[in-house]
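# Coordinate inspection notes
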Amino acid sequence: AERAGERALGVIRGVGLGNDGRAGGFLSPAEAGQARALRAAFACAGDLRPEDVGYVECHATGTAAGDRVE
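All figures in this text were calculated on a predicted structure; none of them were measured in a lab. (Residues numbered from 1 in each chain as written. Predicted model: local features only at pLDDT ≥ 70, side-chain atom pairs only at ≥ 80, totals over all residues. Heavy atoms only, no water.)

Let us now look at the overall build of the protein chain. Along the backbone of the protein chain there are three helices and zero strands. Taken across its 70 residues, the protein chain has 10% of its residues classed as buried. When contacts within the protein chain are restricted to residue pairs at least 6 apart in sequence, those whose partners lie at least 24 apart make up 52%. For the protein chain, the accessible surface area stands at approximately 5800 Å², while carbon and sulfur atoms represent 54% of it. (Helix = DSSP H or I, 4+ residues; strand = E, 2+ residues; numbered from the N terminus. Buried < 20%, exposed > 50% of the residue type's maximum accessible area, 1.4 Å probe, protein only. Contact = heavy atoms within 4.5 Å. Areas by Shrake-Rupley, 256 points an atom, 1.4 Å probe, with all protein chains shown as cover.)

Looking now at a nonpolar patch on the surface. On the surface, a nonpolar cluster with roughly 380 Å² of combined accessible area is contributed by I12, V15 and L17. Tracing the chain through its elements places L17 in the segment before α1 (21-24). You can call L17 exposed: its relative accessible area is 75%. (Patch = residues over 30% accessible without salt bridge, like charges linked within 9 Å, V, L, I, M, F, W, Y side chains within 5 Å. Salt bridge = Lys/Arg side-chain N within 4 Å of Asp/Glu carboxyl O.)

Attention now moves to the confidence of the model for the protein chain. In this model, the protein chain carries a mean pLDDT of 80, and residues with pLDDT of at least 70 account for 81%. Within the protein chain, α1 has the poorest average pLDDT of any element, 62, and helix α2 (residues 31-44) the best, 86. (pLDDT = per-residue confidence, 0-100.)

Side chains that are three or four residues apart share a direction in an α-helix, a result of its 3.6 residues per turn. Its 14 residues give α2 an end-to-end C-alpha distance of 20 Å, which sits within 8% of 20 Å, the value for a rise of 1.5 Å per residue. Of the positions making up α2, those classed as buried are G33, A37 and A41. For α2, the angular spread of the buried residues around the axis is 85°, confining them to a single face. Along α2, exposed side chains directed more than 90 degrees from the buried face belong to E31, R39 and A43. G46 occupies a position one or two residues after α2 and carries a positive phi of about 80°. (Expected span 1.5 Å × (residues − 1). Arc of directions from axis to C-beta.)

This is how it looks when you write it as C-alpha cells:
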C-alpha cells in the first residue's frame, strides 16, 4: 500500500488457528481450542497486548454449536 502511495488501514500482526474436530466433531469447536488460537496469535504478534487490538477478524463454522463457541 505504501509503495503504491496508499494509506495502510490495518496491519496483521498475529494469526492463530484452531481445529477442535476431535473434541466433538469437525464443525464443533471447543472453547479451550479457541482460547489456544488467541494465545497463539498474541505469541505470534510479539509485544502486542489484548488492549492494543482494535479489530479482530474471525471465521465461524456456520453451525449453531460452532457459532455459539466462537
